[in-house]
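For reference, the chains in residue letters:
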Amino acid sequence: MVFVKSPDNKTLILNLNPSTTTRQALSLHIQRNYLIPIAQQRLYLSHRLLSTPENDAVLLSHLGVSPNSTLTLHVPFLGGMQAPVAPKKLEFLGTRPPPNYVAGLGRGATGFTTRSDIGPARSAPDLPDRSAAAIGVTAPPPGAAAVGRGRGKGTGDEDEDEDPEEKGYDENQKFDEFEGNDAGLFASAEYDEEDKEADAVWDAIDERMDSRRKDRREARLKEEIEKYRASNPKITEQFADLKRKLYTLSTSDWDSIPDIGDYTSKNKKKRFESFVPVPDTLLEKARQEKEHVSALDPKSRGVGGTETPWGQTPVTDLTAVGEGRGTVLSLKLDRLSDSVSGLTVVDPKGYLTDLKSMKITSDAEVSDINKARLLLKSVTQTNPKHPNGWIAAARLEEVAGKIQAAQHLIKRGCDECPRSEDVWLESCRLASHADAKAVIAKGVKAIPKSVRLWMQAAKLEQDDTNKSRVLRKALENIPDSVRLWKAVVELANEEDARLLLQRAAECCPLHVELWLALARLETYENAKKVLNKAREKLPKEPAIWITAAKLEEANGNTAMVGKIIERGIRALQREGLEIDREMWMKEAEAAERAGSVATCKAIIENTIKVGVEEEDRKRTWVADAEECKKRGSIETARAIYGHALNVFLTKKSIWLKAAQLEKSHGTRESLDALLRRAVTYIPHAEVLWLMGAKEKWLAGDVPSARAILQEAYAAIPNSEEIWLAAFKLEFENQEPERARMLLAKARERGGTERVWMKSAIVERELGNTAEERRLLDEGLKLFPSFFKLWLMLGQLEERLSNLDKAKETYELGLKHCQNCIQLWLSLAHLEEKVNGLSKARAILTMARKKNPQNPHLWLAAVRAEARHGNKKESDILMAKALQECPTSGILWAASIEMVSRPQQKTKSRDAYKKCGDDPHVLAAVGRIFWHDRKVDKARSWFNRAVTLSPDIGDFWALYYKFELQHGTEETQRDVLNRCVTAEPKHGEKWQAISKAVENSHQPTEFILKKVVVAIGKEEHAAENSKN
């Protein structure tokens, strides 16, 4: 395609290919279509004339004309003014200047020389005498630099051949980064391989040094960016939590939000609008623009109309100028069409999606509708056989509220595109209910093989009988449509459905879902026949074999299930089908959800080992079982573990995972059977014996638990864990004498320090102080570095009010265990109780020096000062503690509690930035929300704390106390059950209550409630002290 600009400023569109069209053919085309003689045609490409005799047979592409190029056409006036003659170029401008010529010398200009002209360390040449007597008298000698030449070059050829060594510098020398334009010391030396190697070595050194500093530089830059972002948060970050809660707003809440008004002082002023009448000159000008002037102006008529070239004559028809906008738009739309294929390049599919949500609310949108209407009109006119253009145009009219126009357009589209399903469906949608049936009937007649049209025709019917009649009529035309068969089967009763599925399977034998649906409706014997026929038609379909296995399982033939799956896999492999392990596992999970557990296990047994390397079997199978467990496919996971245990009989980790699965999702009987099997193959696994005994104990069967531990002791006679488990079983079931005997035997057999500690605990609870002291003394002689024995002995002396002996015990224990924090804290507490704060302060200071960066020692010092009313000193110590332990959550939590209520939010924000998801910080923040009555947020933070550290009982107590105040019975029961399951053992308040003698053998629920009461008393005391 080529564009030609005519003399009247119009653009001509020529459908020509420049690669196959000559210049003569182009001229003939213009003469034939636009009646301009060839002799008067002057074609220009830019400023180059193409209409020359030598170019007649030359292809346009060889003349520089490409597709979509624009040529200019001039038509000369014969007998008019003479054509303009290009000015002659002065010849001397392109010639070499004469010798000794100095530019501007005649008007008093002087030449000059720069340092770059003469080279380094060379003085400027003497300038010639500029007096009038010297000008032109003598010529400069050869080799001398001419004045005013610039760059230090001479006038003759001799200077160009001058040797650089004679000049003292090299003109081609590059600028040096260190030496500037001066020549370096080795500038003239040769650059050999050794220099190249040396440069490479230095470059490697530079790169290595830069890489060593790169990590520190990037880390420092990242830290600076984080600090800046933390100190200068974005507006979106500050309101992120509020924006996340917007999803809870209902539609009425959104509608009730008032619109913001304009309250600026600028707009509060009352504006006065002035209306000025239109002047007569403007009205006269508008009238003249609408006139049709057909005469030339007097000046042009005076010279016969030849003063101005024809192509430059001004247009006097001003109406045409006003209508030019429409012409330009039409031209642009025409250019969008492809002249080769006749298909428009405007994709109207975008309108099909955008017009659905379009809503006209302003004049601007009305204007957009008009523009879209004009564009789609061009689309339908350019390519009327394109159905999407008609659909888009109809939907545009529908959006604009012109339903009749939309119906008219889509009707034209049906006439132009009678083979398009979309057009008929759109016409049916736009038509009224009474006319829709007639429209769809025409569509079905035009496209009798269209499934979508038949389905739409059935959808228009209100009665199921009529729908079935329409679908049966459709099946007469399209008997191989699975969609139609499914639709007609859904409308039929069971008996008719079986007959229809039989016919459907005959017409569509390659669709397995029809065979399977028929098998489900048939009896057991007929179903087997149907599946056999389906297997003959579809030998590569695994769903048929799986359905056959489910059929046998449903009829009680579980022994055949495994054989069917095994035969099916062999048959599929013979047919060349690759067994996809992941796909078969999904089928197993689907069978489990359908209630076919035997089929699920058979699939796992026959496919779990496909495609798995021998060395990867254990890891892969355990991972598969865990994934199935997460998805809720318990039977599938149990089958995978069962197969893995058959292969790896002596792998303790697999037995433990299988036992955990049975404990969580199985019964006590199944768990007991599994553990019995486990200890049969792995008799030396202590944990399996202990798990079995514990389950029996929890079930209330103490004799069975005792028997299991006896069997375990027989299998592992020197296991301390089994001895301690047996002791715990007897001790917790109020059998102290049995517990004493077991521990005595364990001590005789050379028990560890734990045995001696348990022995002392038994005597402490029984009240035998002397025996307790004897056991502790003997234990310390054997294990002097075990700090718990020192603690128990010191606590014994404190209970007996022997404070001096208790102090000696703690000090002696610190000589053996100077890094034991509990001994330091016990000694400081004892000194505070006996000798006051100053002595305790000295003990804690010494402890911090020997155990630096320990948050518990800092916290004890802070609390000691606070107990004695030294608020300022405690704040100073807390600040030092946070400097030494900036990431300690327990210190930050205490710091939050120490500050006033207005400062707690700021302090908690700093704590969260420093510690992240530390459970102590989370619990402290939850307390803040609790006091602010933000129940949901407080519950969320407490839940995060107990999830991260379920072993700390203080968090469970806070959470439970919160639910007792703000929760329901269901949430309270849930927290209590979760705490009992977690069995917490640590926590400052939890340990103080759970390890008290009077609370021994108490369940977790009892300890939890006592800790809640203790927390309440502590909070009440704190409030009274503030008041």
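Residues numbered from 1 in each chain as written. Predicted model: local features only at pLDDT ≥ 70, side-chain atom pairs only at ≥ 80, totals over all residues. Heavy atoms only, no water.

This brings us to the overall build of the protein. When its secondary structure is counted, the protein shows 52 helices and five strands. Counting all 1027 residues of the protein, 34% fall into the buried class. Within the protein, counting contacts between residues at least 6 apart in sequence, those at least 24 apart form 53% of the total. Counting only carbon and sulfur atoms, one obtains 52% of the accessible surface of the protein, whose full area is about 64,500 Å². (Helix = DSSP H or I, 4+ residues; strand = E, 2+ residues; numbered from the N terminus. Buried < 20%, exposed > 50% of the residue type's maximum accessible area, 1.4 Å probe, protein only. Contact = heavy atoms within 4.5 Å. Areas by Shrake-Rupley, 256 points an atom, 1.4 Å probe, with all protein chains shown as cover.)

Turning our eyes to something else, we now look at the sheet that holds strand β3 (residues 42-45). Taking strand neighbours across the sheet as the criterion, the five strands line up as β2-β1-β5-β3-β4 in an open arrangement whose pairing is mixed. On the outer flanks of this sheet lie β2 (11-14) and β4 (48-49), each paired with one strand and no other. Strands β2, β3 and β5 (70-74) of the sheet are contacted by helix α1 (residues 23-34), whose axis makes an angle of about 115 degrees with β2. (Pairing = 2+ DSSP bridges. Axes fitted to C-alpha atoms, helices over the stretch in contact; angles between N-to-C directions.)

Looking now at the pattern of salt bridges. Any two side chains of opposite charge can pair, so long as their charged atoms come close to each other. Tallying each qualifying case throughout the model produces 48 salt bridges. Residues arginine 841 and glutamate 865 are paired through a salt bridge, measuring 2.7 Å at the closest nitrogen-oxygen approach. With arginine 841 in helix α42 (residues 837-850) and glutamate 865 in helix α43 (residues 855-867), the pair connects residues that are 24 residues apart, well separated along the chain. By relative accessible area, arginine 841 is classed as partly exposed at 36%. Within this structure, Arg395, Glu398, Glu426 and Arg429 form a network of salt bridges that share partners. (Salt bridge = Lys/Arg side-chain N within 4 Å of Asp/Glu carboxyl O.)

Now for empty space enclosed by the protein. By the definition in use, this model includes one cavity of 30 Å³ or more. For the largest cavity, the calculated volume is near 70 Å³. Lining the largest cavity we find Asp672, Leu675, Arg676, Val679, Leu688, Trp689, Gly692 and Ile708. At the level of elements, α32 (668-681) and α33 (686-698) are the ones that each hand at least two residues to the lining of the largest cavity. Here the element with the most residues in the lining of the largest cavity is α32; it accounts for four residues. (1 Å grid on protein atoms, 1.4 Å probe; cavity = no way out; pocket = protein on both sides within 12 Å on 5 of 7 lines; lining within 4 Å. Points joined across faces, edges and corners; volume = space filled by probe spheres on them.)

A word on the environment of cysteine 508. With respect to the element layout, cysteine 508 can be found in the loop between α22 (494-507) and α23 (512-521). Note: C-alpha distance between cysteine 508 and serine 481 (27 residues apart in sequence) is 7.6 Å.

Residues Arg244, Lys245, Lys905, Arg909, Lys913, Lys934 and Lys937 make up a contiguous surface patch of positive charge. In terms of residue count, the dominant contributor to the positive patch is helix α46 (residues 901-915) (three residues). The residue lysine 905 is located in helix α46 in this model. (Patch = residues over 30% accessible without salt bridge, like charges linked within 9 Å, V, L, I, M, F, W, Y side chains within 5 Å. Lys, Arg positive; Asp, Glu negative; His and termini not counted. Charge placed at Lys NZ, Arg CZ, Asp CG, Glu CD.)

Turning to the side chain of histidine 29, a few remarks are in order. Examined against the element boundaries, histidine 29 turns out to sit in helix α1. Overall, histidine 29 belongs to the buried group, its relative accessible area being 17%. Among residues more than four places away in sequence, those in contact with histidine 29 are Leu14 and Leu16.

The next point concerns the confidence of the model for the protein. Model confidence for the protein is summarised by a mean pLDDT of 78, while 80% of its residues fall at 70 or above. The low-confidence segment residues 298-318, where pLDDT is below 50, has 18 contacts with residues more than four positions distant or belonging to other chains. Within the model, the stretch residues 336-352 combines pLDDT values under 50 with 26 contacts to residues more than four positions away or in other chains. (pLDDT = per-residue confidence, 0-100.)

In this section: helix α19 (residues 451-460). A large share of α19 lies buried, amounting to seven of its ten residues. Every buried residue of α19 is accounted for by Val451, Leu453, Trp454, Met455, Ala457, Ala458 and Leu460. Residues of α19 that are buried make contact with α17 (421-430), α18 (433-446), α20 (464-477) and α21 (482-491). One side-chain oxygen of the residue at the start of α19 lies 3.3 Å from the amide nitrogen of leucine 453, identifying that residue as serine 450. (Polar contact = N/O pair within 3.5 Å; in protein donor to acceptor, adjacent residues only side chain to side chain.)

With that settled, consider helix α28 (residues 597-607). By the burial criterion, the buried members of α28 are Thr599, Cys600, Ala602, Ile603, Ile604, Asn606 and Thr607. For α28, the secondary structure elements touched by its buried residues are α25 (542-554), α26 (558-574), α27 (581-593) and α30 (634-647).

Moving on: the pairing of β2. By the alternation rule, side chains of β2 split into Leu12 and Leu14, which are all buried, and Thr11 and Ile13, of which none is buried. Inspection of the sheet shows strand β1 (residues 2-5) paired to β2 by four bridges, in the antiparallel sense. Its bridge partner being in β2, lysine 5 is matched across the sheet by threonine 11. The hairpin formed by β1 and β2 contains five residues between the paired strands, and asparagine 9 there has a positive phi angle of roughly 65 degrees.

Moving on, we get to the layout of surface pockets. One number sums up the size of the second largest pocket: a volume of about 1,300 Å³. As for the second largest pocket, its lining consists of 24 residues, and the residues nearest its centre are Glu237, Asp241, Arg909, Tyr912 and Trp941. Among the secondary structure elements, those contributing two or more residues to the lining of the second largest pocket are α4 (193-231), α5 (235-238), α6 (240-244), α46, α47 (919-931) and α48 (935-948). Considering each element in turn, the lining of the second largest pocket owes the most residues, seven residues, to α46. The residue makeup of the lining of the second largest pocket, split by class, is seven nonpolar, three polar and 14 charged. (Nonpolar A, V, L, I, M, F, W, Y, C, P; charged D, E, K, R; others polar.)

This part is about the packing of aromatic side chains. Two numbers describe a pair of aromatic rings. These are the distance of the centres and the angle of the planes. Counted according to the given criterion, the structure contains nine aromatic pairs. When the centroid spacing of 6.1 Å and the interplanar angle of 85 degrees are considered together, the rings of tryptophan 930 and phenylalanine 942 count as edge-to-face. Note that tryptophan 930 is positioned in helix α47 and phenylalanine 942 in helix α48, a separation of twelve residues in sequence. Assigned by exposure class, tryptophan 930 and phenylalanine 942 land together as buried. Three or more aromatic residues joined by ring pairs form one cluster here, namely Trp930, Phe942, Tyr959 and Phe962. Directly above the ring of tryptophan 756 sits arginine 747, whose terminal nitrogen or CZ lies 5.5 Å from the centroid. (Phe/Tyr/Trp six-rings, centres within 6.5 Å; stacked < 30°, edge-to-face > 60°. Lys NZ or Arg CZ within 6 Å of the ring centre and 35° of its normal.)

Turning our attention to the nonpolar core. In terms of nonpolar packing, the biggest core is built from 132 residues, with Leu484, Ile640 and Leu688 touching the most fellow members. Among all residues touching leucine 688, those that are not within four sequence positions of it are Trp655, Leu656, Leu675, Ala678, Val679 and Ile682. With 76 residues, the next largest nonpolar core counts Leu793, Leu823, Leu844 and Ala957 among its residues. (Core = buried A, V, L, I, M, F, W, Y, C linked by side-chain atoms within 4.5 Å.)

Now for the side chain of glutamine 972. Structurally, glutamine 972 is set in helix α50 (residues 969-982). A polar contact is formed between the side chain of glutamine 972 and the backbone oxygen of glycine 967, at a distance of 3.5 Å.

Attention shifts here to the pairing of β1. Note on strand geometry: in a regular strand, side chains alternate between the two faces of the sheet. Pairing of β1 with β5 involves three bridges; the strand directions are parallel. Its bridge partner being in β5, valine 4 is matched across the sheet by leucine 71.

This paragraph deals with the packing of α23 against helix α24 (residues 524-537). Here α23 crosses α24 at 170 degrees, and the two axes come no closer than 8 Å. Judged by the inter-axis angle, α23 sits roughly antiparallel to α24. Between α23 and α24 lies a crossing whose hand is left-handed. The segment α23 lies against α24, with Trp515, Leu516, Leu518 and Ala519 engaging Ala527, Val530, Leu531, Lys533, Ala534 and Lys537. (Parallel < 35°, antiparallel > 145°, perpendicular 65-115°, else oblique. Left-handed = near helix turned anticlockwise from the far one by under 90°.)

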